[in-house]
Amino acid sequence: MTGKVEFFNPNNITYESTFTFTTAALENAPFLYDNDIFTTLSSDGSADGTEEKWTIQFDSANLIDFVGIFGHNFKTGTVKYLDETLTPQAFTPAIAMTTNVAISNVYYLTEQLCYGIELSITHTTDSSEKSCGELRALDKFAELTRPIGFKPEPNVEADIKKKYDGGSDKIINGIKYGASWEFDLTDAEAQIYLDLSQRGRSFYLYAASLSTDNAKPYFMVDSMYQVIMNNDPKLKVPDNLIDGVVWTGTLQVKEV
Amino acid sequence: MAWTTEKLIKNPVKFPVRRVYIKRRLLTGAYESTWQRIDTRNGVNKIISHGSISIKIDAEKIVPNTYDISDYTTKVMNQDGCFNANSDYRSCWYGYLDHKDSKIKVVCAMKDPDRVEVGAVTAFEGVIQSVTSKGDNTAEIKAAMYSKKLNDYPFKDLALTGSKTVTQILTAIFADTRVASFFATTTLTPVNNVTIDLDTDTDNVFDGSMWDVIKFLAQKSQSTTYVFNTEFYFGTREIVDSTPVFTYAGLGNSQDDRAITIYGKPDYDQSGSDKLYTTIIDSSSNAISKSPDVILLNTGKTLTLDLKDLATGGEKQDVCDSYLSRFGVRRPSVKFKSPFMMMLVFPLDPVAIDSPGSKTEINSGYYDSSLYEDGSVYDGDGTASNINKDDIFIMESVTYDIQKWECDNFCRKLV
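The model shown is predicted, which means the values in this text are computed figures rather than measured ones.

### So, the overall build of chain B
Reasoning step 1: Within chain B, the regular secondary structure consists of 7 helices and 27 strands.
Reasoning step 2: Projecting the C-alpha coordinates of chain B onto the three principal axes gives extents of approximately 80 × 60 × 40 Å.
Reasoning step 3: Counting only residues that meet the buried cut, chain B has 36% of its 415 residues in that class.
Reasoning step 4: The long-range fraction of contacts in chain B, counting pairs at least 24 apart against all pairs at least 6 apart in sequence, stands at 66%.

### A closer look at the pairing of strand β9 (residues 134-138) of chain A
All names here are of chain A.
Reasoning step 1: β9 sits mainly inside the fold: 5 of its 5 residues count as buried.
Reasoning step 2: Sheet analysis places strand β4 (residues 52-70) next to β9, joined by 5 bridges and oriented antiparallel. The partner of phenylalanine 70 across the bridge, within β9, is glutamate 134.

### Section: unusual backbone geometry
Reasoning step 1: In this structure, A:Pro93 follows A:Thr92 across a cis peptide bond, with omega equal to -10°.
Reasoning step 2: Summarising the element assignment, A:Pro93 is placed in strand β6 (residues 88-97).
Reasoning step 3: Residues other than glycine seldom take positive phi values, yet B:Asn137 does so here, at roughly 65°.
Reasoning step 4: Structurally, B:Asn137 is set in the loop between β10 (117-133) and β11 (138-145).
Reasoning step 5: Using a count of 11 C-beta atoms within 10 Å as the deciding quantity, one classes B:Asn137 as exposed.

### A short note on the sheet that holds strand β19 (residues 277-282) of chain B
All names here are of chain B.
Reasoning step 1: The mixed open sheet is built from 3 strands, whose spatial order is β20-β19-β21. In this open sheet, the two edge strands, each paired with only one partner strand, are β20 (288-290) and β21 (301-305). For this sheet the average axis-to-axis angle between neighbouring strands, irrespective of direction, equals 15°.
Reasoning step 2: Summarising the sheet, β19 and β20 pair through 3 bridges and their orientation is antiparallel. Paired with threonine 279 across the two strands is lysine 290, which belongs to β20.
Reasoning step 3: Contacts from helix α7 (residues 313-327) reach β19, β20 and β21 within the one sheet, and its direction differs from that of β19 by about 165°.

### Observations concerning α7(B)
Residues and elements named next belong to chain B.
Reasoning step 1: For α7, with 15 residues, the first-to-last C-alpha span of 21 Å sits near the 21 Å given by 1.5 Å per residue.
Reasoning step 2: Listing the buried residues of α7 in full gives Lys316, Val319, Cys320, Tyr323, Leu324 and Phe327. The buried residues of α7 all sit within an arc of 135° when viewed along its axis, so they share a single face. Along α7, the residues that are exposed and aim more than 90 degrees away from the buried face are Gly314 and Ser325.
Reasoning step 3: On its buried face, α7 is in contact with β19, β20 and β21.

### A few points about the sheet that holds strand β17 (residues 247-255) of chain A
Residues and elements named next belong to chain A.
Reasoning step 1: Read across the open sheet, the 7 strands follow the order β10-β1-β15-β16-β17-β14-β11; overall the sheet is antiparallel. Two strands close off the open sheet at either side, each with one partner strand: β10 (140-144) and β11 (147-152). In this sheet, adjacent strand axes meet at a mean angle of 35° when their direction is disregarded.
Reasoning step 2: As defined by bridge partners, β11 adjoins strand β14 (residues 178-185) across 5 bridges and the pair is classed as antiparallel. Along β14, the bridge assignment pairs phenylalanine 150 with tryptophan 181.
Reasoning step 3: Against the sheet, helix α1 (residues 187-198) makes contact with β10, β14, β16 (224-229) and β17, and its axis sits at roughly 30° relative to β17, the strand it touches most.

### Remarks on the interface of chain A and chain B
Accessible area lost upon the coming together of the parts serves often as the stated size of an interface.
Reasoning step 1: Facing the 26 residues of chain A at the interface are 26 residues of chain B.
Reasoning step 2: Elements represented by at least two residues in the side of chain A that touches chain B include exactly β12 (155-162) and β13 (168-176) of chain A.
Reasoning step 3: The greatest single-element share of the side of chain A that touches chain B, amounting to 6 residues, is contributed by β13(A).
Reasoning step 4: Its residues assigned to classes, the side of chain A that touches chain B shows 10 nonpolar, 8 polar and 8 charged.

Basis of the calculations
Residues numbered from 1 in each chain as written. Chains lettered and ligands numbered in written order. Predicted model: local features only at pLDDT ≥ 70, side-chain atom pairs only at ≥ 80, totals over all residues. Helix = DSSP H or I, 4+ residues; strand = E, 2+ residues; numbered from the N terminus. Buried ≥ 20, exposed ≤ 12 C-beta atoms within 10 Å, placed from the backbone. Contact = placed C-beta atoms within 7 Å. Pairing = 2+ DSSP bridges. Axes fitted to C-alpha atoms, helices over the stretch in contact; angles between N-to-C directions. Expected span 1.5 Å × (residues − 1). Arc of directions from axis to C-beta. Nonpolar A, V, L, I, M, F, W, Y, C, P; charged D, E, K, R; others polar.

Okay, structure coming up:
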């Protein structure tokens, strides 16, 4: 595998943020950060071509170097950060959609202290209400650059109901990501690996950069999962020692 | 392909959506303007288990009558102290009045196979009665329907005097700003819009709560009260339209998709003997109604009512006759479980059950029944639990189990 697995702090958009929407219902603000890209925040009566602005003020200033917009229908629009006077400013590089057709976009940015974030959307790809499944304003804290193995272990939480004729109904209460990753690790990366095991917060795991076409499950643009490390850290020295690589380690994660 | 709620109920794979919201009270006592979601915090699920809501009506009563709706209890994770009392800075009630009387609502929906949400409906809305923090970092939220709030407000607050019709009194109750903050829709159509003298209060009813007076008015006007979420209904309990709101599909059903919508095995009491009353007597006037069916008279029970609160002998006789018309005939009942019905079915709703059963026995000569080579039967008799889809049943109780995503139903055949 070439590429890297990236780790981000939890979303800066939280229930403690202050939301202001042009037409979208405030009650539905949690759809932006509930880790479900299929439930969307939507404008309400915003015609195509009319600006819909979603302003989100964080509860405190936070560093941001990544913005992810998942499960949306935005064709034209901008995403800016709010400075200390709560004035919208362009990120570096600026986020501006002009003829977007993708349903999920990610932007790697120069790290910026932000007091909030503002979306301004004018046109949608289907000329319908502006809608978005997830909006993530994140700060990357680490990455591991040499994954050598990946085994998905998703958990489908389901109940089976037996019907009158002996048939079955399946009630799917939730589908959660889980996986075992194997890494080659430098000394510095071994420390990251150990830190992940002792980390007091959950974190986002993102492995889309391992794929160029982002077509495989778990490696799509929106394949980002809020997880905890689930196994004890066990570093070992590989049999075939390679210069610069002194450890291997297994990272088992479960979605929160 | 468009998926309707009914189609998703029948779909063998179900993706339930369960969301819980609260509205806290500001320090002024007013409710905050926006619902706050509490089942998830920043993408992390907080719910350990959802509760269930039982809605039933006492089939025997005619007047007065109310729906009996259970409280709702849900268990949540509380490691972060979010559900602690408002004195704890970590509590989501910090800066607000405490838990009690916060509004709470549970929204249910289903996702279609493309994960598009369909049919969002408020399964419960009421007020929080208590939040109990447990030593294992969990908390239990107990909530009751808004009708409980009507118990908190003295009727005297309305300062009504003189003679008023039932409708006038009810209108005054629901114009009260405290009451109006809980109910979005009211249907106030008493069966008999009688006039009540508010200055003569022999039973001290008018010293009680607004809820006490509403029950009194239901009795006087021969009406039924029904409170569900933000809806208040006061009116007839007669079945206006007997078209089934849903036809449950059982064994051997003839529905197009053949999708079974009965879990487990239904209990079918064809005799309906638990509610077969063939003689109705009023102890206050000796008014009596008797079944003309001699055979039923020998098997049915006698029911004695006390109708002293009704004014005239004619009214008392009407009630006795009405009872007999409901219970003086055999009314088979069915108890069964079904998929979660997305609040499509309530007590007093007509339903049908299409469950003729498998044909398992060869007839004894009247019909041309025969065995196929595989052992199945052509034109044979149905099973003993043959429930005809043309029979209309009236729901008496439905328990919506939001956690298990199923319903527990009890219905009785319409007379």
